[in-house]
Amino acid sequence: MSTPPLASGPHGPDALRPLLDTVLGALTTGAAARGGPLPAGGPDAVAARVTDALGDVLPEHGDPDALHALTHALAAGAADPADPLCAAHLHCPPLAVATAADLAVSALNPSLDSWDQAPAASALEARVTGALATRLGLADAVVTTGGTEANQLALLLAREAHGAHVRLVCSAAAHHSLPRAAWLLGLPDPVVLPAPAGTLDPAALDAALTELTGPLLVAATAGTTDAGLIDPLPEIAARCAAHRVRLHIDAAYGGCLALSDRHRHLLTGLDAAQTVALDLHKLGWQPVATGFLAVADATELDALHQRADYLNAGDDTEAGLPDLLGRSTRTTRRPDVLKAAVTLRTLGRTGLADLIDRVLTLARDLADRVEAHPRLELYDRPTLATVLFRPAHASDDAVAAVRRTLLQEGRAVLGRAHADGRLWLKATLLNPHTGPDDLAHLLKLAEGHTPA
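Residues numbered from 1 in each chain as written. Predicted model: local features only at pLDDT ≥ 70, side-chain atom pairs only at ≥ 80, totals over all residues. Heavy atoms only, no water.

K.L.:
Would you explain the sheet that holds strand E9 (residues 386–391) in this entry?
P.N.:
Where strands meet in a sheet, backbone hydrogen bonds hold them as pairs that are either parallel or antiparallel. Taken in spatial order, the 4 strands line up as E8-E9-E11-E10 in an open sheet, and their pairing is antiparallel. The open sheet terminates on both sides in strands that have one partner only, identified here as strand E8 (376–378) and strand E10 (415–419). For this sheet the average axis-to-axis angle between neighbouring strands, irrespective of direction, equals 45°. Relative to E9, E8 runs antiparallel, the two being bridged by 3 bridges. (Pairing = 2+ DSSP bridges. Helix = DSSP H or I, 4+ residues; strand = E, 2+ residues; numbered from the N terminus. Axes fitted to C-alpha atoms, helices over the stretch in contact; angles between N-to-C directions.)

K.L.:
What's the story with helix H3 (residues 66–76) in this structure? I'm lost.
P.N.:
Given 3.6 residues per helical turn, the α-helix brings residues three or four places apart onto the same face. Along H3, the positions that sit buried rather than exposed are Thr71, Ala73, Ala75 and Ala76. Considering only its buried residues, H3 is in contact with helix H1 (12–34) and helix H2 (42–54). (Buried < 20%, exposed > 50% of the residue type's maximum accessible area, 1.4 Å probe, protein only. Contact = heavy atoms within 4.5 Å.)

K.L.:
Hey, could you run me through the packing of H1 against H3 in this one?
P.N.:
The axes of two packed helices give the description: the angle between them and the distance between them. Two numbers describe how H1 lies on H3: the axes approach to 7 Å, and their chain directions differ by 35°. Between H1 and H3 the crossing geometry is right-handed. For the pair H1 and H3, contact is made by Leu19, Thr22, Val23, Ala26, Leu27, Thr29, Gly30, Ala31, Ala33 and Arg34 and by Leu67, His68, Thr71, His72, Ala75 and Ala76, respectively. Of the residues in the contact of H1 with H3, the class split is 9 nonpolar, 6 polar and 1 charged. (Left-handed = near helix turned anticlockwise from the far one by under 90°. Nonpolar A, V, L, I, M, F, W, Y, C, P; charged D, E, K, R; others polar.)

K.L.:
Can you walk me through the nonpolar core in this structure?
P.N.:
Val218, Leu247, Ile249, Val276, Trp285 and Phe389 are the most contacted members of the largest nonpolar core, which totals 85 residues. When residues of this core are assigned to their parent elements, the largest contribution, 13 residues, is made by helix H12 (residues 337–372). Contacts of Val276, omitting those with residues within four sequence positions, involve Leu136, Leu138, His248, Ile249, Ala251, Leu270, Phe292, Leu293 and Ala294. Counting 12 residues, the second-largest nonpolar core is a separate cluster that includes Val166, Leu168, Cys170 and Leu178. (Core = buried A, V, L, I, M, F, W, Y, C linked by side-chain atoms within 4.5 Å.)

K.L.:
Is there a simple way to think about a negative patch on the surface in this case?
P.N.:
On the surface, a cluster of negative charge is contributed by Asp116, Asp309, Asp315, Asp316 and Glu318. When residues of the negative patch are assigned to their parent elements, the largest contribution, 3 residues, is made by helix H11 (residues 314–318). Of note, Asp309 is situated in helix H10 (residues 309–312). For Asp309, a relative accessible area of 62% translates into the label exposed. (Patch = residues over 30% accessible without salt bridge, like charges linked within 9 Å, V, L, I, M, F, W, Y side chains within 5 Å. Areas by Shrake-Rupley, 256 points an atom, 1.4 Å probe, with all protein chains shown as cover. Salt bridge = Lys/Arg side-chain N within 4 Å of Asp/Glu carboxyl O. Lys, Arg positive; Asp, Glu negative; His and termini not counted. Charge placed at Lys NZ, Arg CZ, Asp CG, Glu CD.)

Structure follows, in structure tokens:
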């Protein structure tokens with residue numbers, strides 16, 4: 001058996017070209033076999049088809065058709081975020097140019113744990129993270145796998161700055177990764193404030209900060225996962241300043257509004273935070289994963305520093321080789337920043353802002369349609385790209401059944417959220433190519449599956 005070709009090196013591109021044709025062909029045939037936003041039949045049917053395509057996981061002899069067969073199976077069994085009827089989660093359809101850039105990363109395989117594994121990638125990351133931090137009004141940023149890792153890092157930096165007894169204060173609508181991070185880091189149990197309106201109430205926060213003692217970390221949210229709401233950031237920042245309390249803002253969903261002249265005002269107060277989480281694999285249309293944690297004080301990142309002689313020997317650092325171990329809690333990590341850099345350069349700020357403005361307009365259009373529909377009910381006007389609605393007069397069980405029926409049939413992918421004591425269908429509109437007919441079709445499907 002001949003030695004398989006490599007993806008990089010002088011012959012790498014020639015080896016990749018026919019394989020890319022295979023992948024693209026399988027993506028095409030897989031999407032055609034799926035025939036919609038989701039494979040029909042539910043979990044058991046999908047698992048059976050995958051098992052059939054996979055066969056023996058570790059066969060005695062290799063199968064040259066494996067790339068086509070398994071890529072086809074993955075595409076045929078995918079929830080396609082580029083389908084306008086796939087609108088459940090913060091699961092964006094990635095831009096083609098970003099996906100192409102991601103291929104270059106996979107082929108070159110740099111690892112950002114030492115300069116000699118990623119010379120250009122380390123320089124690129126430093127430039128891009130600095131520029132994004134500046135856009136948010138902060139000093140520096142590090143790359144993360146998303147909002148969850150960014151929130152964990154934010155709590156870690158708070159612990160290193162204020163001690164092991166720092167206590168998280170957040171609303172019930174905050175992302176689940178925040179209390180989980182407190183648990184992982186061995187911090188005191190969080191103080192979780194009720195959020196009956198879906199956001200952190202400044203008056204309730206003020207009362208809690210007045211009563212609580214010891215070091216505290218307030219976590220606000222710019223884009224909740226359930227309803228896409230933004231906490232009143234200026235008022236929260238003012239309360240934190242008055243009580244001399246540290247502020248973290250989870251802007252994984254809404255932080256990209258900083259690129260939009262039309263919507264940036266919704267983030268007023270963001271620059272008052274000590275740390276901010278941001279994802280570009282939501283309203284930035286990047287392949288997973290592309291997250292960041294921005295910091296107001298760049299020296300706080302020194303807490304992440306580690307010494308490993310084979311990666312950042314002291315004499316190498318003194319000789320001018322960049323030390324990368326203080327840029328993440330991970331060791332081996334791929335340069336996810338390339339796809340973001342390519343996208344930012346290709347589209348420019350205004351190009352990305354146009355996409356953001358477009359999907360927020362789509363959400364308002366969908367809300368208008370729900371309000372005008374005699375058999376549907378709207379939760380509230382959308383802030384970001386999330387719209388909550390439900391069949392009027394339906395029980396929560398009936399609402400849940402609508403969603404599961406559409407999933408089982410492979411007709412549409414809608415999310416679910418509890419708000420105002422009831423269950424709602426959730427549409428998250430992250431596809432800028434979605435049109436009015438798609439919105440009408442989505443509502444028709446939801447209404448048509450409501451039990452009589």
